[in-house]
Amino acid sequence: MSRRDDQTAGRDADPARLIHPGTPGLRPVTVTILEYDTSHLRERSVTRRGEIPAPALPPAVTWIAVDGIHDAGVIRSIGDIVGIHPLTLEDISNNHQRPKIEDYGDYLYLAVRMLSADGIGGFRSEQVSLVLGKGYVISFQEEPGDAFERIRERLRAGAGRLRSEGADYLFYALLDAIVDGYFAVIEVFGERIEAVEEEVVADPDQETLQAIYVLKRSLIALRRSVWPLRDVVAELERGESSLVREPTLVYLRDVYDHTIEVAETVETYRETMSGTLDVYLSSQSSRMNEIMKILTIIATIFIPLTFIAGVYGMNFAYMPELRHPWGYPAAIASMVAVAGTMLLYFKKKGWI
Amino acid sequence: MSRRDDQTAGRDADPARLIHPGTPGLRPVTVTILEYDTSHLRERSVTRRGEIPAPALPPAVTWIAVDGIHDAGVIRSIGDIVGIHPLTLEDISNNHQRPKIEDYGDYLYLAVRMLSADGIGGFRSEQVSLVLGKGYVISFQEEPGDAFERIRERLRAGAGRLRSEGADYLFYALLDAIVDGYFAVIEVFGERIEAVEEEVVADPDQETLQAIYVLKRSLIALRRSVWPLRDVVAELERGESSLVREPTLVYLRDVYDHTIEVAETVETYRETMSGTLDVYLSSQSSRMNEIMKILTIIATIFIPLTFIAGVYGMNFAYMPELRHPWGYPAAIASMVAVAGTMLLYFKKKGWI
Amino acid sequence: MSRRDDQTAGRDADPARLIHPGTPGLRPVTVTILEYDTSHLRERSVTRRGEIPAPALPPAVTWIAVDGIHDAGVIRSIGDIVGIHPLTLEDISNNHQRPKIEDYGDYLYLAVRMLSADGIGGFRSEQVSLVLGKGYVISFQEEPGDAFERIRERLRAGAGRLRSEGADYLFYALLDAIVDGYFAVIEVFGERIEAVEEEVVADPDQETLQAIYVLKRSLIALRRSVWPLRDVVAELERGESSLVREPTLVYLRDVYDHTIEVAETVETYRETMSGTLDVYLSSQSSRMNEIMKILTIIATIFIPLTFIAGVYGMNFAYMPELRHPWGYPAAIASMVAVAGTMLLYFKKKGWI
Amino acid sequence: MSRRDDQTAGRDADPARLIHPGTPGLRPVTVTILEYDTSHLRERSVTRRGEIPAPALPPAVTWIAVDGIHDAGVIRSIGDIVGIHPLTLEDISNNHQRPKIEDYGDYLYLAVRMLSADGIGGFRSEQVSLVLGKGYVISFQEEPGDAFERIRERLRAGAGRLRSEGADYLFYALLDAIVDGYFAVIEVFGERIEAVEEEVVADPDQETLQAIYVLKRSLIALRRSVWPLRDVVAELERGESSLVREPTLVYLRDVYDHTIEVAETVETYRETMSGTLDVYLSSQSSRMNEIMKILTIIATIFIPLTFIAGVYGMNFAYMPELRHPWGYPAAIASMVAVAGTMLLYFKKKGWI
Amino acid sequence: MSRRDDQTAGRDADPARLIHPGTPGLRPVTVTILEYDTSHLRERSVTRRGEIPAPALPPAVTWIAVDGIHDAGVIRSIGDIVGIHPLTLEDISNNHQRPKIEDYGDYLYLAVRMLSADGIGGFRSEQVSLVLGKGYVISFQEEPGDAFERIRERLRAGAGRLRSEGADYLFYALLDAIVDGYFAVIEVFGERIEAVEEEVVADPDQETLQAIYVLKRSLIALRRSVWPLRDVVAELERGESSLVREPTLVYLRDVYDHTIEVAETVETYRETMSGTLDVYLSSQSSRMNEIMKILTIIATIFIPLTFIAGVYGMNFAYMPELRHPWGYPAAIASMVAVAGTMLLYFKKKGWI
């Protein structure tokens, strides 16, 4: 019953209690209900708990969309209407729930993270719960997002497989919309990775390194969402629940392929970043080599010359060279000879 | 029968003998017995071995809580009453037991480590054994901790699922309380990791490195507790024991989810620390680069100038430049020219 | 329904819709139809959708080869004729499809990447879809390549196992031709790796490093094609589909062996490149050592000498050595002694 | 039939031949026979082959302990008496046998390595073979060790589970004694690792590095003994042999737990050594940084000063500063200013 | 049908065609036939295809040994006689075949690599194919080696298990002889690794590094032969083929143990080489440290001294120290003081 987030507050609580562990939800909860079959569609918004109706009987499909999971009362009301286990209600309220799927016989509970690019190079992550029962789907999320809006529009538009198939197909469509969001996020990562790679080749500095590590860490976080998602969809696709009909399985297999693709792309990105880091580090070390080379060339050329100059700067009374008319030119000549030898040596080494 | 800890003392001992391998327990053993059903609850503390009663018959539930596992006699007495295998008794006495679960048919034996934050940035780890039998749970621990106290309070408070369900639900509640402790410890680690990361970016020194390694090692130790715990709960949750009833399994699955989350967080922390170590090492090497750069700039600028000064410090009798009125200004000018060229070169290199 | 490539355009689309996500196909689609049995072979090219015939009845085999997957209409027409699921049609149109095999009962759908060396050191990668039904094989690819042309020639040539066996053998032959292309690509990689390795030993520079990383990344990409291919062929070879007859399985096992060999070679190449990178890095560091050695030798020899010269360049009024006739030779002698000692020391160290 | 050790001698030999591949055993072979049941115990030493008796009938238990496996004749004699397969006899003779267990129906053959601390910081490793048959256990080892002596004493002491249980319990007791030896060795490693870790922090030098690598290599060797041991005990504990009775399985499970603990400790030690190596390397690099810093500070402070001194050491005829009464103090002052600026810069950098 | 080696030539070929992809075999093919039972043995060499007889009926065993796999005709002739699948014939001809085992019902096909030390520190690798049928074994290899000669001699020698057992035992004996060759190769590696390790400690240079990498790469290649071999023998040992009788399985299990040992030794060698590489790299870096230390000591001692000398080498008219009788001794004394302070500092640092 206890999640990481309710460590501080409410430790002693009964396991089946409903407390939303996030920040207090000041926004009112919105419950939108869509009932449809091939020929009809009815859409309502409910603001008071008592107004939430029981789902229609199949073949009609009822989609109850709850925006705002901080209100434990609403969640419990819905739970009472369709008969949801207290632990599931608690999982729905928990917005740090690990992706998972649980088959309670009467209903399937699915918790996943919904990702979306935030437009400024990062991504938002939100907890979404889906409950698939006989003839109904209930979706729970905190922020009213537009990911599901497109499905609503397709439903309103009427004709199409979505209207003629059952609740399991709606369930699939919602899941598919969620997985689509992952592709958008991955694209954002792809662009950032490309930018960092160019920077590493062009003009790497300490900030580039920071950027690489931020990316690496984000990828670890992303992967932590993606891998369990993959497992969840794999379990769904195995088709062991009677709530998912045979023809829908092939669509779930399609979603599964997408999650695999996302997971593989994340792995590839991780390998890419490791490579980029290596390039950065090795370019650092190669820069160091160049610095050392320059220092060594300058120092080893001038140190002997300075020594020669020092010798003839000595004040000994008896230094015959100093009196000789050719002394000075000879000293300069010997300096040129030493410098030339050094330069030839470095040339042979391939340094200059 | 032989554990690592009794290598030195008592090697020849019979395998089924009971010796607590830790430090000698000077504290007296406390045995607290709670008997309850939906309507009644009776709580007693027992101080003498002979007073320990046989568990009540179901549907009543008896919880025998033993604080202090150093007294082999007490453990054996309880073992005799409910019929526990000598090897299990030995495992209970051993406070370095690896987490495990064993199904002896009549009872389930569970050994786990109970972790709790110690308030000063580290964590305490203690051996806890749980025995689940028909209508009773026996808990063994060395230090009387408060982790189970909250459950006792919920039991005393009366109404609630805990009072109406059987011994397996109590067993679950105790296990859940233990797993909760892991989250607290993980939070502590999270904070320490964050602190180290800030230090690495702001002002890393050799001590930061020490801190990173201490954390890495603690995480290895933590992981060694967490992974077998996960396996243990997974085995429980599979529901192969007749002592755990069907409705309780869903709660154990919940505990299993928590252990997975703990295990994943520990892995993420390990990856984070590896990244942090890389950042530290690379910042070291980048600092080295900077040092070298400064040395190289200063040395390569002044070494040629010093050489020029040296040349005109030579004491040759015939050095026409020395007599020339413009000699000195010319020498200074050539020095400025050399220094300027060098500076331009370094500017082009992007060093200054 | 949504693939990564249709993120931007057509997000709201119905899952079963057919949109080719690549660049708009300006080239007209070519459909080539081969119908054959042991004694007859008929070959046609179809340019208008309506002309595509239903496959002949077994034992005749029909091979419909579609070059150009950008025309959703053509794909749908063929799909309608032989009864292909909308999701499969979508997968066929998607030219970034992950390699996979799907058994729809009536037909087997296989998506793989076809690789071919591009003649300039790289490789081309193309999406190929194969559909195996009762008595027919349909192949879809974008670029009309010559990989399948050889099989066409063998069919035209007449006699041979290809003509006498069924559609599953043709399916095998096409798959085998695709896997052959991987060997060609691997050979190209082998040559490039060898070239880089020679460069690393002979004359490594920053470009060598770039080449190593480009190769490493290409190998990651290659591996991403190869590993799922291996899984796909493994699933085929298990022989769970009724469309693949027993005698053909042994040929598929042969193809499987080839994919294993490709996968292992790629792994070996990856390990080789890691080793090559290590050699590069360590040769960098050993070069640094050499630079430092030269600098140290020169500096430590001349710095003391220059100091001695400096001492006798001082202008103190009372420096008796300066007046002594042997002063100068003694100074020079002491310099030679210092330099000699240094050289001996370095010789002992094994530096010179 | 051929082991690595008989590569040089006896390659052509028949597979079922018995040749001890170690050093020639000069020590005579000792065979000690213990026959016991709950009430009686008889102990004999046998020196001639012909004297080895057939095992007593159950419920009596016969333990034949062979010290010295170099005498193929003795091993074959025993093999003939109880009916052991030639390949098993060969495995017994081979003292580099990989740990394994083989069920021949009539008997179980177990080969493990017996480890014991050698008292000087290392460990001894010896090949031990156990054969468990109906009513008898035969143990083979080269060196007469004391690990089994304690069991002999417990048997002689009489009462106890060991005397009342069957041959499988004796088999377990021997195996348990062997696994106990691993804990002793692990303790030795623990101490050496601790010593190296302290050295790394306090005063690391090249010898510390050597010590780290020696430990790492020893741990690889240790692990190579431990992992197969774990597998062997796991197979035993699964209880598929009819020679091991149900009640003994719980004891074998206990031994299995111990092997797991040994294996995990070895893994932890390996990780610890990797961390220690990293600390060593990074302390090396940090020491280098410090050296560079000192050099840079000294050089960059004095090089400009020396240049200034050099300028005023020039012998130009027209250098007005030289004549000026404040020339010298001004020069000194400018030197102090340069040095001060430098020191301030380094202070700002946090170097001094 | 196409292997990597026939990429260039014969791409279009029919899959079942026989072309040896290696260098053209100029050596004539030798076919040696051994027929034996407990009492008789007949040995023949065949030079013309037509002379190859059908295998004798069991219990007689026929061993057809083919030396030279470049002659597709011979292989096909034999294939026709005993009924071998075209794909198997192709695998036999391919001398870069990956180790594998295939059960065709009538016969077992086994392809492995035969290794042998080449006497100059490397090893030779050759493709060997074994076909086990009812009452016969056919062995194919290119080079006539002596590995099988010892078995021939044991057969000729008469009495022994080899003569009295069936074809499966001969098959085992041949496989065992092949695995023996691996031990010889491993021994060679062991010696080379030891030599490199001594070099790393004693006197490492760039060539040592090269040697380490050559060894690492050879070990990768070796491993690539060993791992599939292990899998192949494991499959054999599982005993699913009716061609291998129960009593022979225990011998195959013995061979399996040997392959495990080889595989583990290769892994240990790989780990050892990684450690050796680390020691090399760290000794490089420690050498660098020493170089830097020497440079720093010399430079930091003399640079200040030279500065002092420079100061008193200045030509200012008014420098009172220069006139003072104690000026020179005082300057020298201050130099000694500076040098002494430096030396004390370095001593404190533990550098000298």
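Heads up: the structure comes first, above all this text.
Predicted, not measured: the structure shown is a model, and the values here were computed from it.

Bringing the overall build of chain A into the picture now. Within chain A, the secondary structure is distributed over nine helices and seven strands. Taken over the C-alpha trace, chain A has a radius of gyration of 35 Å; the compact-globule value for 352 residues is 20 Å, which it surpasses by more than 25%. Residue burial in chain A is summarised as follows: out of 352 residues, 60% are buried. Taking the contacts inside chain A whose residues are at least 6 apart along the sequence as the reference set, 67% of them involve residues at least 24 apart. Accessible area for chain A stands at about 14100 Å²; split by element, carbon and sulfur atoms hold 55% of it. In chain A, 37 side chains carry a positive charge and 50 a negative one; their mean positions are 4 Å apart.

Counting from both sides, the interface comprises 62 residues of chain D and, opposite them, 63 residues of chain E. Roughly 5400 Å² is buried in total at the junction of chain D and chain E, and carbon and sulfur atoms are behind 58% of that figure. The interface formed by chain D and chain E includes eight salt bridges. The partner of Glu271 of chain E in a salt bridge is Arg270 of chain D, with the nearest N and O atoms 3.4 Å apart. Here chain D is connected to chain E by 14 residue pairs in polar contact (both at pLDDT 80 or more). Sorting the residues of the side of chain D that touches chain E by element identifies helix 2 (86-93), strand 4 (100-103), helix 6 (206-237), helix 7 (246-311), helix 8 (320-323) and helix 9 (327-349) of chain D as the ones contributing at least two each.

Taken as a whole, this structure holds 100 salt bridges over all chains when the rule is applied. Glu149 of chain B is the partner of Arg152 of chain B in a salt bridge, and the nearest nitrogen-oxygen pair spans 2.9 Å. With Arg152 of chain B and Glu149 of chain B both in helix 3 (residues 149-157), this residue pair falls three residues apart, about one helical turn. Across the salt bridge formed by Glu35 of chain C and Arg44 of chain C, the nearest N and O atoms sit 3.0 Å from each other. For Glu35 of chain C, a relative accessible area of 19% puts it in the buried group. On the basis of relative accessible area, Arg44 of chain C is assigned to the partly exposed category, the value being 23%.

Turning next to the pairing of strand 7 (residues 136-141) of chain B. It is a general feature of regular strands that their side chains alternate between the two faces of the sheet. Residue and element names in this part refer to chain B. Across the six residues of strand 7, six count as buried, placing the element largely inside the fold. Burial along strand 7 is two-sided: Tyr136, Ile138 and Phe140 facing one way and Val137, Ser139 and Gln141 facing the other are all buried. When strand 6 (residues 123-133) meets strand 7, the two strands line up antiparallel, connected through six bridges. Note that in strand 7 the partner of Val131 across the bridge is Ile138. The antiparallel hairpin formed by strand 6 and strand 7 contains two residues in its connecting segment, where Gly135 sits at a positive phi of about 85 degrees.

Take the environment of Leu174 of chain E next. Residues and elements named next belong to chain E. Relative to the helices and strands, Leu174 is located in helix 5 (residues 167-202). Taking the C-alpha atoms as reference points, Leu174 and Leu130, 44 residues apart in sequence, are found 8.6 Å from one another. Beyond its immediate stretch of four places on either side in the chain, Leu174 contacts Trp63, Leu130, Val137, Phe148 and Ile151.

Attention now goes to the relation of the copies chain D and chain E. Rotating chain D by 72 degrees and moving it 0.0 Å along the rotation axis overlays it on chain E with an RMSD of 0.1 Å. Both copies of the chain, as the preceding transformation shows, are related through a five-fold rotation axis. Considering only C-alpha atoms, the part of chain D nearest the rotation axis is Gly313 of chain D, at 4.7 Å.

The end-to-end C-alpha separation of helix 6 of chain D is 46 Å, in line with the 46 Å expected for 32 residues at 1.5 Å each. Looking one or two residues beyond helix 6 of chain D, the residue adopting positive phi is Gly239 of chain D, at roughly 70 degrees.

Another point: the pairing of strand 5 (residues 108-117) of chain C. Residue and element names in this part refer to chain C. Among the ten residues in strand 5, eight count as buried, and that is most of the element. Note: strand 4 (residues 100-103) against strand 5, four bridges, orientation antiparallel. Pairing of Glu102 across the sheet is with Tyr109, part of strand 5. Here strand 4 hands over to strand 5 after four residues, with Gly105 in that stretch at a positive phi of 85 degrees. In this sheet, strand 6 (residues 123-133) lies alongside strand 5 in antiparallel orientation, the contact comprising ten bridges. Across the sheet, Arg113 pairs through a bridge with Gln127, a residue of strand 6.

Here is what the cut-offs are and how they apply
- Residues numbered from 1 in each chain as written.
- Chains lettered and ligands numbered in written order.
- Predicted model: local features only at pLDDT ≥ 70, side-chain atom pairs only at ≥ 80, totals over all residues.
- Heavy atoms only, no water.
- Helix = DSSP H or I, 4+ residues; strand = E, 2+ residues; numbered from the N terminus.
- Rg over C-alpha atoms; globule rule 2.2 N^0.38 Å.
- Buried < 20%, exposed > 50% of the residue type's maximum accessible area, 1.4 Å probe, protein only.
- Contact = heavy atoms within 4.5 Å.
- Areas by Shrake-Rupley, 256 points an atom, 1.4 Å probe, with all protein chains shown as cover.
- Lys, Arg positive; Asp, Glu negative; His and termini not counted.
- Charge placed at Lys NZ, Arg CZ, Asp CG, Glu CD.
- Buried area = accessible area lost by both parts, 1.4 Å probe.
- Salt bridge = Lys/Arg side-chain N within 4 Å of Asp/Glu carboxyl O.
- Polar contact = N/O pair within 3.5 Å; in protein donor to acceptor, adjacent residues only side chain to side chain.
- Pairing = 2+ DSSP bridges.
- Least-squares fit on C-alpha atoms with pLDDT ≥ 70 in both.
- Expected span 1.5 Å × (residues − 1).

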